[in-house]
Every structure is written in C-alpha cells, then in structure tokens.
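Analysis of the macromolecular model
Residues per chain are reported as follows:
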Amino acid sequence: MLARKSIIPEEYVLARIAAENLRKPRIRDRPRKARFIAKNGACNLAHKNIREQGRFLQDIFTTLVDLKWRHTLVIFTMSFLCSWLLFAMMWWLVAFAHGDMDPSTENTTNSTKWAPCVTCVRSFTSAFLFSIEVQVTIGFGGRMMTEECPLAITVLILQNIVGLIINAVMLGCIFMKTAQAHRRAETLIFSRQAVIAVRNGKLCFMFRVGDLRKSMIISASVRIQVVRKTTTPEGEVIPIHQVDIPVDNPIESNNIFLVAPLIICHVIDKRSPLYDISAADLALQDLELIVILEGVVETTGITTQARTSYIAEEILWGHRFVPIVTEEEGVYAVDYSKFGNTVKVAAPRCSARELDEKPSILIQTLQKSELSHQNSLRKRNSMRRNNSIRRSNSMRRTNPSLMVPKVQFITPEGSQSASET
C-alpha cells in the first residue's frame, strides 16, 4: 500500500519480500517409509535372487495353492487334457500293434476266432474318445475292451490309477484355494487409526477390532509387535527388529470373546517400547505397530489370521473411541458407521516415563479439563438463557395481546392511582 502511494519505491518492497521468503525455513516432508504390513494385512515384501527354484517343486501342492487363480485353472485344464492325450496315444499304439487298424481284419471269418483289443477303435480320434470314457468313467457303450490283449488290461489299470491321483490333487487344490483362511479374515476389521489416551490412570495405546459375520472366531487372541530399525551397541544394523508388547487383558490365557467390537488396550509401562515417546516425539518416530489377530473359524475349524499395522501418522494422541454398542428393544445393536470415530479427551502430552516420575501432571491435566468443561457448560447455559430471554422479548413485541394490562387501585382517601403489574 505504501508502494502505491510512492512513499517507498516498489523495487525496494519487492526485494524485501523476496528476502523475507528466503529467510523463512522451508518445511520439507520427510520421505514416507515403506510399511512392513499394509492396512489390508498383506506383507510388503519382495523376494529377489532366489537361485534354488526347485525347492518350490518339492512342495508341489502348496505351490499350486499359492498360485493365482488363472494359473491354477490353466494347470487344472492342461493336466486332464494331457493325461487324456497320453493314454489315447497308448491305446492307439496297442490297437496298431494288435492289428486293429488293418482293414482286412474286418473281413476275417468267425472260424479264426479273432477279436480286437478294443472294439470300434479305428483311428486316433476314436482312441482319444475311449481314453476320455475310461478316465472319466462315462462309458457310452460303443467301445469296450476284450480279453484278447493283456497289455490293454495293464493300460486300463494304469490310466485308472493316474486319473484318480490327478482328480485328488486338482480337486483338493481347488478346494483349498476356495477355503483359504485369509478369506475369512476379510470380514475381520480394524479401526483405521489408533489412539493414545489415559485409562485407569495410565497412558494406553488402543485400537478397535470387530467381526462382521455372525459365526464367531473361537479362541481368538491378539498380538502386537513393534517393528523398527535399530542399531546394536556393537554397530550391527537390524533393519526389521520385532519387539512383542503385552496386551492388557484380564484373562490370563489372552483369549478374547469377539462377539462384538472390542477396544484392545496396551498399557504403556516400562516394558513398552512407547515408554519414552511423548506427543511431540511421536510424529518423528520411525516405527510401525503390527497387530495380529488369530483364531479358529467356527464353521470350518480352520485357523485364520488377520493383520494390520499403524504408523506414527495413524496414531491420534489424546483421543478416545466413541461407543457403538447400544441396547435396543432387548437386543444389543452395533452401529458400524461409527466404528472408527474418535473424540478428543484430556491427556497429558508428556511421555509415560515423565508421567510416572511426576504423577501431578495427570492431576493437573484432569483439573484443567474439568475446569474447561465447567466453563463450557456455563457458557452454554448462559447462551441458552440469553436466547430464551431474547425470544420471549421478541414474542412480546410482535404479539401485543401478551402485554400486561394496567390496573387501577383506589386508596382509602378516594384518590385513584394507576400502576402496572
């Protein structure tokens, strides 16, 4: 504005603004660390330079189950098709060696007592159809074996055994892929964010877990691990150092009854890796908290596992989860629309170590919170009172019938006086 009035030259103003912008510290976002476990539970890990690829073929069944569906379906189709073609070639060779392909054998008289190994097998196409009939046990009735060729009987037995093995492996693979344990884990949900708040006089790390299905998870247990990069006193760098942290559970077996969403709590004490971390230090920490829920599916009896993780940006300090379980007409109802909702609560910003050393910090925080709550209630009540008074005054002004009439009083001397009541 001064430059417009020509009091200060415009060039000086621009130079000064540029100098002030250079002096301001530029906040750069630190590079986002790759998480070890994704929010959906998938492991963010890539295996490279594996030289011994043959080890996967030693456990062929697990390899087939771990393959993608399109690869599994291709292998399923090709296994049956290749086995039919292989034994079709064997049946064709048996018929060719016995002379069933020779047209002159059709004019052979009954006195010679000649019979083919397999009736009506005159080409490779008919041999292929007979191979499918044998392995799939269809049996159309047009082609059948005779007792002339012991080699054909051997091929029949061999094809039946191989066909049963292929059926068992392929069908078992398809069944295991459809009944994998991680499919059941898709209905086990975790809160998007975790919170740190005071519970029973202690700082606690909390998150919420729930099950969307009515079929329960039997013997469910929750484990929490902290993954961080550490350096030993000897100078060894451990890129993925896993530390188990205890879960606050009154049951000694650490099993939970997951009939409704639960808030899992970890007390930040001397055993916790979060013991020396304050609210200001949390954003600077390069750590990841992995949550693992394990249990047995009630309907299938298969053990399932659900996983998720929380990094420093996903942990809210001084928040608490809102209740979502209510009783409606004798039934407990769960409102999953509020599953991850939190509210701010009073919580000290210091670390758990400082809170243990100075318990007065918690008392002062709670007192300040109580005073602020009382002040907010007073302001709210005063605002309501003022609003009600303004509303009543406006109603009196707009409606003259509500005005109080004047009343005359007669004194003993006979004089009249008018007053309003």
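Residues numbered from 1 in each chain as written. Predicted model: local features only at pLDDT ≥ 70, side-chain atom pairs only at ≥ 80, totals over all residues. Heavy atoms only, no water.

1. Here's the deal with the UniProt feature "transmembrane region" (unreviewed entry) in the protein
- Residues annotated by UniProt as "transmembrane region" (unreviewed entry) correspond here to residues 73–94 and 151–175.
- The annotated region residues 73–94 carries 100% helix and 0% strand content, and the separation between its end C-alpha atoms amounts to 32 Å.
- For residues 151–175, the helix share is 100%, the strand share is 0%, and the end-to-end C-alpha distance is 36 Å. (UniProt positions renumbered as here; feature names shortened; annotations may be inferred. Helix = DSSP H or I, 4+ residues; strand = E, 2+ residues; numbered from the N terminus.)

2. Details of the state of the cysteines
- In the structure shown here, the tally under the stated rule is 1 disulfide.
- Residue cysteine 117 pairs covalently with cysteine 149 via a disulfide, S to S 1.6 Å. What sets the handedness of the cysteine 117 and cysteine 149 disulfide is the S-S torsion sign, and at about -55° it is left-handed. Taken together, the positions of cysteine 117 in the loop between helix 4 (69–98) and helix 5 (124–136) and cysteine 149 in the loop between helix 5 and helix 6 (150–178) put the pair 32 residues apart, joining distant regions of the chain. (Disulfide = S-S within 2.5 Å.)

3. Looking at the packing of aromatic side chains
- Throughout the structure, instances matching the rule amount to 9 aromatic pairs.
- Measuring from ring centre to ring centre gives 6.1 Å for tyrosine 336 and phenylalanine 339, while their planes differ by 25°; the resulting arrangement is stacked.
- Following the ring pairs from residue to residue traces out a cluster consisting of Phe190, Phe205, Phe207 and Tyr310.
- Here the basic side chain of lysine 177 rests over the ring of tryptophan 69, its NZ or CZ set 5.1 Å away from the ring centre.
- A cation over an aromatic ring shows up here: arginine 208 above the ring of phenylalanine 339, its NZ or CZ 5.9 Å from the ring centre. (Phe/Tyr/Trp six-rings, centres within 6.5 Å; stacked < 30°, edge-to-face > 60°. Lys NZ or Arg CZ within 6 Å of the ring centre and 35° of its normal.)

4. Here we look at the nonpolar core
- Of all hydrophobic cores here, the largest spans 40 residues; its most connected members are Phe205, Phe207, Leu289 and Leu293.
- Once you skip the residues sitting within four places of it in the chain, phenylalanine 207 turns out to touch Phe190, Ser191, Ala194, Val222, Ile224, Leu262, Ile263, Ile264, Val291, Tyr310 and Phe321.
- Within the second largest apolar cluster, 13 residues are counted, among which are Trp91, Val94, Cys117 and Val118. (Core = buried A, V, L, I, M, F, W, Y, C linked by side-chain atoms within 4.5 Å. Buried < 20%, exposed > 50% of the residue type's maximum accessible area, 1.4 Å probe, protein only. Contact = heavy atoms within 4.5 Å.)

5. Quick word on the side chain of glutamate 314
- By the element assignment, glutamate 314 lies in the loop between strand 9 (303–311) and strand 10 (315–317).
- A residue is classified by how much of its surface remains accessible, and glutamate 314, at 12% relative accessible area, is buried.
- Within polar-contact distance, the side chain of glutamate 314 engages the side chain of arginine 35 at 3.0 Å.
- In contact with glutamate 314, other than residues within four places in its own chain, are Arg35, Lys39, Arg192, Gln193, Ala194 and Ser309. (Polar contact = N/O pair within 3.5 Å; in protein donor to acceptor, adjacent residues only side chain to side chain.)

6. Here's the deal with the confidence of the model for the protein
- For the protein, per-residue confidence averages 78 on the pLDDT scale, and 78% of positions sit at 70 or higher.
- Considering only residues more than four positions removed or in separate chains, one finds that residues 1–15, a stretch of pLDDT under 50, has 6 contacts.
- Counting interchain partners and residues more than four positions distant, the pLDDT-below-50 stretch residues 414–421 has 17 contacts. (pLDDT = per-residue confidence, 0-100.)

7. So, a nonpolar patch on the surface
- Together, Leu57, Ile60, Phe61, Ile153, Ile157, Ile161, Ile165, Val169, Phe175 and Met176 line one region of the surface with nonpolar side chains, adding up to about 910 Å² of accessible area.
- Counting residues per element, the ones that place at least two in the nonpolar patch are helix 3 (60–66) and helix 6.
- At 7 residues, helix 6 tops the list of elements feeding residues into the nonpolar patch.
- With respect to the helices and strands, the residue isoleucine 153 is situated in helix 6.
- Overall, isoleucine 153 belongs to the partly exposed group, its relative accessible area being 39%. (Patch = residues over 30% accessible without salt bridge, like charges linked within 9 Å, V, L, I, M, F, W, Y side chains within 5 Å. Areas by Shrake-Rupley, 256 points an atom, 1.4 Å probe, with all protein chains shown as cover. Salt bridge = Lys/Arg side-chain N within 4 Å of Asp/Glu carboxyl O.)

8. With respect to the environment of serine 272
- Position of serine 272 relative to the elements: it lies in the loop between strand 7 (262–267) and helix 8 (279–282).
- Between the C-alpha atom of serine 272 and that of valine 226, which follows or precedes it by 46 residues, the distance is 9.5 Å.
- Filtering out sequence-adjacent residues up to four positions away, serine 272 remains in contact with His266 and Val267.

9. A few points about the pairing of strand 13 (residues 331–334)
- Summarising the sheet, strand 12 (residues 325–328) and strand 13 pair through 4 bridges and their orientation is antiparallel. Across the sheet, glutamate 328 pairs through a bridge with valine 331, a residue of strand 13.
- What sits between the antiparallel neighbours strand 12 and strand 13 is a turn of 2 residues, in which glutamate 329 has the positive phi angle 55°. (Pairing = 2+ DSSP bridges.)

10. Some remarks on the environment of phenylalanine 321
- In this structure, phenylalanine 321 sits in strand 11 (residues 319–321).
- Separated by 113 residues in the primary sequence, phenylalanine 321 and arginine 208 place their C-alpha atoms 8.0 Å from one another.
- With near-sequence residues (within four places) excluded, phenylalanine 321 lies in contact with Ser191, Gln193, Val195, Met206, Phe207, Arg208, Ile263, Phe339, Gly340, Asn341 and Thr342.

11. Topic: unusual backbone geometry
- The phi dihedral of asparagine 200 falls on the positive side, at around 55°, and the residue is not glycine.
- Tracing the sequence through the fold places asparagine 200 in the loop between strand 2 (194–199) and strand 3 (202–211).
- A positive phi angle, near 55°, is found at serine 219, a position not held by glycine.
- Within the element layout of this structure, serine 219 appears in strand 4 (residues 217–231).
- On the accessibility criterion, serine 219 (46% relative accessible area) is partly exposed.

12. Thoughts on the pattern of salt bridges
- Scanning all chains against the criterion turns up 7 salt bridges.
- Measuring nitrogen to oxygen at the nearest pair gives 3.0 Å for the salt bridge that ties arginine 35 to glutamate 314. Highlighted residues: arginine 35 in the loop between helix 1 (10–23) and helix 2 (55–58) and glutamate 314 in the loop between strand 9 and strand 10, separated in sequence by 279 residues.
- Measuring nitrogen to oxygen at the nearest pair gives 3.7 Å for the salt bridge that ties aspartate 356 to lysine 202. Taken as a pair, aspartate 356 in helix 9 (residues 352–357) and lysine 202 in strand 3 lie far apart in primary sequence, 154 residues in all.
- Classification of aspartate 356 as partly exposed rests on a relative accessible area of 36%.
- Judged by relative accessible area, lysine 202 falls into the partly exposed class, the value being 40%.
- Linked through salt bridges whose partners overlap, the residues forming this network are Arg35, Lys39 and Glu314.

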